[in-house]
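The primary structure of each chain is shown beneath.
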Amino acid sequence: MLTSIFVGGLAIGCVYALIALGFSMIMRATSIIHFAQGEVMMIGSMSGLTAVWLAPFLPAPVVLLVGMTAGGLAAVAMELAAYRTLRRRGVPLMNIITATVGMSILCINGARLIWGSEPLRYPDLFGVEPVLLGGARVPPQLLWIAAAGLLLMAGLQLFLKHTRTGIAMQAVAQDPDAAQLMGVNLTRTMAATFGIAGMMAGAAGVMLGSLFFSFFEMGFITGLKAFVAATLGGLGSIVGAILGGLLFGLIETFSAVYVSSAYKDAVGMLLLILLLLFLPQGLVGLWRRGR
Amino acid sequence: MNASRRDWTIAFAGIGFAALLPFLAPDGFVMHLMTSVAIAAMLALGLQMLLGVSGQLSIGQAAFFGLGAYGAALMTKEAGLPFLLALPLAGVIGGIASLAMVPITRLRGPYLAVATLGFSIMVYLVLKNEEWATGGSYGLIGIPRPELFGFRLRDPMLWYWFCAAVAALTYVGMLLLQTSRFGRALHAVRQNEDAARASGLRVTLLKSQCFVISAVVSGMAGALFAHHLRYLNPNDFTFWKSIEILIMVVIGGVGSLAGAVLGAAVVVVLPELLRVVGDYRMLVFGAMLVAVMLVGEGGLAGIIGGLWRRAAALLRRPRPALRSAAE
């Protein structure tokens, strides 16, 4: 029982963590709260599903890749079409944040026109035979999702630390002006940040879709929860986003079982508010306090 | 920084227009829509106080709105209190709820936003799940018609005037507040919190006071809303409502009270006007939102202000020419 709840929480936590990563990366590079991040996730989910419809023989990793590509493209398109222009005009931050809300409305309603308003079922990407894990029968997709999620996050860490683009993104996040003076192409790096953030969200979309359903409004509440998770970990911190996402998923799943399924979201929110009162910078505040 | 003559002119022109509106369009649906605008305007003014004046971002205003609405509805429906008493009490409920949130006003920027969001999600869940009090997702029905001194406001026009009057009073109150010593202190806090603290302002106290005022106004708006529709559903108080209120303030122009009212009107009326494009309605709305953000820094208030200055400059230009002709 405990094992299967834990794996379930870990899987949903991976979904939150992947979206939260995007929130954090964008927040760190541009100070924008990107409210359309949940919709990027939804676009990834829908695109993955469409790929399966068109070619039912596709293996799960390819579907995941399709979702990632679609999410990445969607996020880059938003950046190029709107946010970049807004930043260049030097409009107040609140305007850009509101524009991301507009973008989110656009995506939700666009998706409803394309894919309809019915929840759409994902085919079983990861098989149906339960896996025995420490005496508990665990649905295989939960294990696959947890594994793929952790793998992606590890991959992102390597990318940020060891590639030129990754290092440039870190530099821009710390000090855009200094980075530009060192020869970093700011425009391209910003677009790359949005692209990577979108890819993570797109992967989360395929995972979430295969856990439950895909539908046009799926990104709204999930995106919010991921934003909360990113704050729980500490906005702007990659490790914080991963920790926050995993923790939030576990809290939610455990409180659905042990507290009340109607109030499962409230538990996470209450913990968040309490945590922020003592650690105004989120979990990363625990070891960053000295600085 | 006293309220300039311009601010008062705009205020009274707006109030005059709102008062005369029923004569221009004596139509049931228009009255319903305009009443909704008056209620939305109060919500937007409440957030403008918070965001535009003290610089605190809240994306959980729907919580105070919802608590006020359900509180007022239960007071008139179950306890039989007169509406005129329930209205201020709904404000008190919003205020008390916000007192619980006062410790979080020391958070900054996105952290404050997330905390208000968390609070509003909790309130939504309570409204949805405590069926014994709120009717749960079926909603709360049978809210009595508003009554003033034993006189039932059955006529939509009278009810509109009442809501518009409450909104107008809120507007004037905020205008006075904004230019008072308290308002100037808040401006200082928004511009530079550290400098304000160094000049001896009690920043946290000021910010929490502002938070409470905003919640009181939202709670009263809730009371009006409950007696306007006379049916409440938790889905009217989701996070989406908070975002709508934020859109009103930003689209109208952060920092401008007139802008908040204008933004409220746009956010309420525009989706109705866009019904002509059918399924594409919200798609167009989203696109317009992004477009307005691209065009104007100060929102609609900024755009209109700019046009006004340009028009004034055009009118002024011929003068030197005339003078030289006379010479």
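Computed from a prediction, not measured in an experiment: that's the story for all the values here.

Chemist: Sorry, what's going on with the overall build of chain A here?
Modeler: Helices and strands together make up the secondary structure of chain A, namely twelve helices and four strands. In terms of its C-alpha atoms, chain A occupies a principal-axis envelope of roughly 55 × 50 × 35 Å. With 291 residues in all, chain A has 59% of them scored as buried. The long-range fraction of contacts in chain A, counting pairs at least 24 apart against all pairs at least 6 apart in sequence, stands at 76%. For chain A, the distance from the average position of its 16 positive side-chain charges to the average position of its 10 negative side-chain charges is 10 Å.

Chemist: Please clarify how the overall build of chain B should be interpreted in this entry.
Modeler: When helices and strands are counted, chain B shows 15 helices and two strands. In terms of its C-alpha atoms, chain B occupies a principal-axis envelope of roughly 85 × 55 × 45 Å. The buried share among the 327 residues of chain B stands at 51%. Accessible surface computed for chain B: about 14700 Å², of which carbon and sulfur atoms make up 65%. If you average the places of the 25 positive and of the 15 negative side-chain charges in chain B, the two averages end up 10 Å apart.

Chemist: It is not clear to me how the confidence of the model for chain A should be interpreted in this structure. Could you clarify?
Modeler: A low pLDDT score tells you not to read the predicted coordinates there in detail. Per-residue confidence for chain A averages 89 on the pLDDT scale, and 99% of its residues sit at or above 70. Averaged pLDDT values over the elements of chain A bottom out at 74 in helix α12 (residues 285–288) of chain A and peak at 94 in helix α2 (residues 37–54) of chain A.

Chemist: I tried to follow the packing of aromatic side chains on my own but got confused; where do I start?
Modeler: Two measures describe an aromatic ring pair: the distance that separates the ring centres and the angle between the ring planes. Residues and elements named next belong to chain B. Summed over all chains, the structure comprises 20 aromatic pairs over all chains. Both rings, one in Phe23 and one in Trp161, keep their centres 5.7 Å apart while their planes meet at 55 degrees; by these two values the pair is tilted. Remark: Trp161 occurs in helix α7 (residues 156–178) and Phe23 occurs in helix α1 (residues 5–24); sequence separation between them is 138 residues. Given a relative accessible area of 27%, Trp161 falls into the partly exposed group.

Chemist: Honestly, the side chain of Ser218 of chain B in this entry has me stumped. Any pointers?
Modeler: Residue and element names in this part refer to chain B. Structurally, Ser218 can be placed in helix α10 (residues 203–229). A polar atom in the side chain of Ser218 sits 2.8 Å from the backbone oxygen of Ser214. Residues in contact with Ser218, not counting those within four places in the same chain, are Leu43, Gln61, Phe64 and Phe65.

Chemist: Which parts of the structure should I look at to understand the environment of Leu21 of chain A?
Modeler: Residue and element names in this part refer to chain A. Summarising the element assignment, Leu21 is placed in helix α1 (residues 2–30). Sequence spacing of Leu21 and Leu235 is 214 residues, and the spatial spacing of their C-alpha atoms is 9.4 Å. Once residues within four sequence positions are removed from consideration, Leu21 is found in contact with Met153, Leu156, Met200, Ile238, Ala241 and Ile242.

Chemist: Whenever I open this one, the packing of helix α8 (residues 181–191) of chain B against α10 of chain B confuses me. Can you help?
Modeler: The description of two helices packed together rests on the angle between their axes and the distance between the axes. Residues and elements named next belong to chain B. Direction vectors running N to C along α8 and α10 enclose 115 degrees, while the axes themselves pass 10 Å from each other. In this view, α8 runs roughly perpendicular relative to α10, as classed from their interaxial angle. Crossing of α8 against α10: the hand is left-handed. Contacts between α8 and α10 involve Phe182, Ala185, Leu186 and Val189 from the first element and Val203, Leu206, Lys207, Gln209, Cys210 and Ile213 from the second. Split by residue class, the contact of α8 with α10 holds eight nonpolar, one polar and one charged.

Chemist: Is there a simple way to explain the side chain of Thr179 of chain B in this structure?
Modeler: Mapped onto the fold, Thr179 of chain B is located in the loop between α7 and α8. Among the polar contacts made by the side chain of Thr179 of chain B, one reaches the main-chain carbonyl oxygen of Leu175 of chain B at a distance of 3.0 Å.

Chemist: Sorry, what's going on with the interface of chain A and chain B here?
Modeler: Many descriptions give the size of an interface as the accessible area lost when the pieces come together. Contacts between the two partners involve 43 residues from chain A, matched on the other side by 41 residues from chain B. Linking chain A with chain B are zero salt bridges. The tally of links between chain A and chain B comes to five residue pairs in polar contact (both at pLDDT 80 or more). Looking at the side of chain A that touches chain B, the elements that each hand over two or more residues are α3 (60–89), α4 (93–115), α9 (218–233) and α11 (264–278) of chain A. Element by element, the count of residues in the side of chain A that touches chain B is highest for α4 of chain A, at twelve residues. Of the residues assigned to the side of chain A that touches chain B, the class counts are 30 nonpolar, eleven polar and two charged.

Chemist: I tried to follow unusual backbone geometry on my own but got confused; where do I start?
Modeler: Outside of glycine, negative phi angles account for most residues, and trans bonds account for most peptide bonds. One non-glycine residue, Ser31 of chain A, adopts positive backbone phi at about 65 degrees. Despite not being glycine, Arg230 of chain B has its phi angle at roughly 60 degrees, a positive value.

Chemist: How do you make sense of the nonpolar core when you look at a structure like this?
Modeler: Side chains of nonpolar character tend, in soluble globular proteins, to be buried together. Of all hydrophobic cores here, the largest spans 200 residues; its most connected members are Ile59, Leu224 and Leu232 of chain B. Among the elements that take part in this core, helix α2 (residues 28–53) of chain B stands out by supplying 17 residues, more than any other. Residues Ala29, Val172, Ala179 and Met190 of chain A belong to the second largest nonpolar core, which totals seven residues.

How each quantity is defined
- Residues numbered from 1 in each chain as written.
- Chains lettered and ligands numbered in written order.
- Predicted model: local features only at pLDDT ≥ 70, side-chain atom pairs only at ≥ 80, totals over all residues.
- Heavy atoms only, no water.
- Helix = DSSP H or I, 4+ residues; strand = E, 2+ residues; numbered from the N terminus.
- Buried < 20%, exposed > 50% of the residue type's maximum accessible area, 1.4 Å probe, protein only.
- Contact = heavy atoms within 4.5 Å.
- Lys, Arg positive; Asp, Glu negative; His and termini not counted.
- Charge placed at Lys NZ, Arg CZ, Asp CG, Glu CD.
- Areas by Shrake-Rupley, 256 points an atom, 1.4 Å probe, with all protein chains shown as cover.
- pLDDT = per-residue confidence, 0-100.
- Phe/Tyr/Trp six-rings, centres within 6.5 Å; stacked < 30°, edge-to-face > 60°.
- Polar contact = N/O pair within 3.5 Å; in protein donor to acceptor, adjacent residues only side chain to side chain.
- Axes fitted to C-alpha atoms, helices over the stretch in contact; angles between N-to-C directions.
- Parallel < 35°, antiparallel > 145°, perpendicular 65-115°, else oblique.
- Left-handed = near helix turned anticlockwise from the far one by under 90°.
- Nonpolar A, V, L, I, M, F, W, Y, C, P; charged D, E, K, R; others polar.
- Salt bridge = Lys/Arg side-chain N within 4 Å of Asp/Glu carboxyl O.
- Core = buried A, V, L, I, M, F, W, Y, C linked by side-chain atoms within 4.5 Å.

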